[in-house]
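Coordinate analysis (summary)
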Amino acid sequence: MDAVLGVSLTPSTVGLVLVEGSEADGATVDHEALDIRGLVPARTDDVCADVVKAVRRAERVAAERGLRLTTIGVTWSSGAATEATVLLKKFDDAGFVDVVPVRLPHATDALARRVAGIVGFGTTGVCVLEPDVVQAMTVSGDSPVQTTVSRGIETVAGLTTWLSEMFDVADPRPDALVVVGSAVDMDSVLPKLEQALAVPVFTPAEPGLPLARGAALAS
């Protein structure tokens, strides 16, 4: 069986997710997060070398499970463009040939559609929480994914207010919300969102590293 590796870069985290299936539509096999907060430009090369090592490890994990790593999808937020350029060159120097750069909107679009398809509502809101960015999307059938605003939000109250405003202007209004990400304690956030938005609020069993999963899906 084939497998796909998704890699995401933000100013604070490098995420890696190894997923079964040639279209990254299977189970998560392995994942890893590298904390790069406080990274200085002089260390970018070293961090990217560490990412290459992590990809080699994921490749070995795939082989041990009888999986063939076919594609590596790489996405990045706007604040990590320099690191992404260095990393892509590192992959090329290391001999990886099936590396696919994925624009961040494509990664979040693919993630939102995947999540919405799993929960099965007619219109679904998807909120992606990362340490440096929050994105809210609305998925309704085959219509284009509507991405509202992306910005850093530091408190649960701020997140609740922002999502409430999004729900108020969305047409059609989402029937449910799915929250994914690694930036907050989901157990404390989800009940507050459910009460404020008056819709079911879910989080997947594996909510962390969503951008990496989106990169795998989009690649």
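Structure's up top.
Rules used throughout
- Residues numbered from 1 in each chain as written.
- Predicted model: local features only at pLDDT ≥ 70, side-chain atom pairs only at ≥ 80, totals over all residues.
- Heavy atoms only, no water.
- Helix = DSSP H or I, 4+ residues; strand = E, 2+ residues; numbered from the N terminus.
- Rg over C-alpha atoms; globule rule 2.2 N^0.38 Å.
- Contact = heavy atoms within 4.5 Å.
- Areas by Shrake-Rupley, 256 points an atom, 1.4 Å probe, with all protein chains shown as cover.
- Lys, Arg positive; Asp, Glu negative; His and termini not counted.
- Charge placed at Lys NZ, Arg CZ, Asp CG, Glu CD.
- Pairing = 2+ DSSP bridges.
- Axes fitted to C-alpha atoms, helices over the stretch in contact; angles between N-to-C directions.
- Core = buried A, V, L, I, M, F, W, Y, C linked by side-chain atoms within 4.5 Å.
- Buried < 20%, exposed > 50% of the residue type's maximum accessible area, 1.4 Å probe, protein only.
- Parallel < 35°, antiparallel > 145°, perpendicular 65-115°, else oblique.
- Salt bridge = Lys/Arg side-chain N within 4 Å of Asp/Glu carboxyl O.

Quick look at the overall build of the chain
Along the chain, the regular secondary structure elements total six helices and ten strands. In terms of overall size, the chain behaves like a compact globule, its C-alpha atoms giving a radius of gyration of 17 Å where 219 residues would be expected to give roughly 17 Å. Expressed as a percentage of contacts within the chain between residues at least 6 apart in sequence, the contacts between residues at least 24 apart total 66%. A total accessible area of about 10,300 Å² is found for the chain, and carbon and sulfur atoms account for 50% of it. With 17 positive and 29 negative side-chain charges, the chain shows a spacing of 4 Å between the two charge centroids.

Observations regarding the sheet that holds strand 2 (residues 13-20)
Taken together, five strands build an open sheet; the order of strands is 3-2-1-4-5 and the sheet is mixed. The strands lining the two open edges of the sheet, one partner per strand, are strand 3 (28-35) and strand 5 (99-101). On average, each strand axis in the sheet is inclined to that of its neighbour by 15°, with strand direction left out of account. Of the strand pairs in this sheet, strand 1 (residues 2-9) and strand 2 are connected by seven bridges, and their pairing is antiparallel. Its bridge partner lying in strand 2, V4 is registered against V19. Contacts between helix 1 (residues 44-64) and the sheet are confined to strand 1, strand 2, strand 3 and strand 4 (68-76), with strand 3 contributing the most and set at about 165° to the helix. On the sheet, helix 2 (residues 81-93) packs against strand 1, strand 4 and strand 5 and is oriented at approximately 155° with respect to strand 4.

With respect to the nonpolar core
By size, the foremost hydrophobic cluster in this structure holds 28 residues, and its most contacted members are L5, V7, V55, I72, L87 and F91. At nine residues, the largest contribution of residues to this core is made by helix 1. Discounting chain neighbours no more than four positions away, the residues touching V55 are L5, V7, L16, I72, F91 and F96. Formed by 18 residues, the second largest nonpolar core is a distinct cluster that contains V134, A136, L163 and V201.

Comments concerning the environment of G73
The residue G73 is located in strand 4 in this model. Measuring from C-alpha to C-alpha, the distance between G73 and P204 comes to 21 Å, with 131 residues separating the pair along the chain. For G73, the contacting residues outside a window of four places in its chain are L5, G6, V7, V100, V102, A215 and S219.

Concerning unusual backbone geometry
That bond from D171 to P172 is cis: its omega, 5°, falls within 30 degrees of zero. A positive phi angle, near 60°, is found at A198, a position not held by glycine. Structurally, A198 can be placed in the loop between helix 5 (186-197) and strand 10 (201-202). Judged by relative accessible area, A198 falls into the exposed class, the value being 66%.

Quick look at the packing of helix 3 (residues 104-119) against helix 6 (residues 210-218)
Where helix 3 meets helix 6, the axes come as close as 7 Å, and the angle between the chain directions of the two elements is 90°. Taken as axis vectors, helix 3 and helix 6 run roughly perpendicular relative to one another. Residues L104, H106, A107, T108, A110, L111 and R114 of helix 3 form the contact with helix 6, whose own contacting residues are P210, L211, R213, G214, A215, L217 and A218.

Quick notes on the pattern of salt bridges
Scanning all chains against the criterion turns up seven salt bridges. Where D45 meets K90, a salt bridge forms, and the shortest distance between an N and an O atom there is 3.2 Å. Of the two residues, D45 is situated in helix 1 and K90 in helix 2; the sequence distance between them amounts to 45 residues. Owing to a relative accessible area of 22%, K90 belongs among the partly exposed residues under this scheme. In this structure, E59 engages R56 in a salt bridge whose closest nitrogen and oxygen atoms are separated by 3.4 Å. Here E59 and its partner R56 are both found in helix 1, three residues apart, which amounts to about one turn of the helix. Taking the relative accessible area as the measure of exposure, E59 reaches 31% and is therefore partly exposed. Here the salt bridges do not stand alone but share partners, grouping D30, E32 and R57 into one network.

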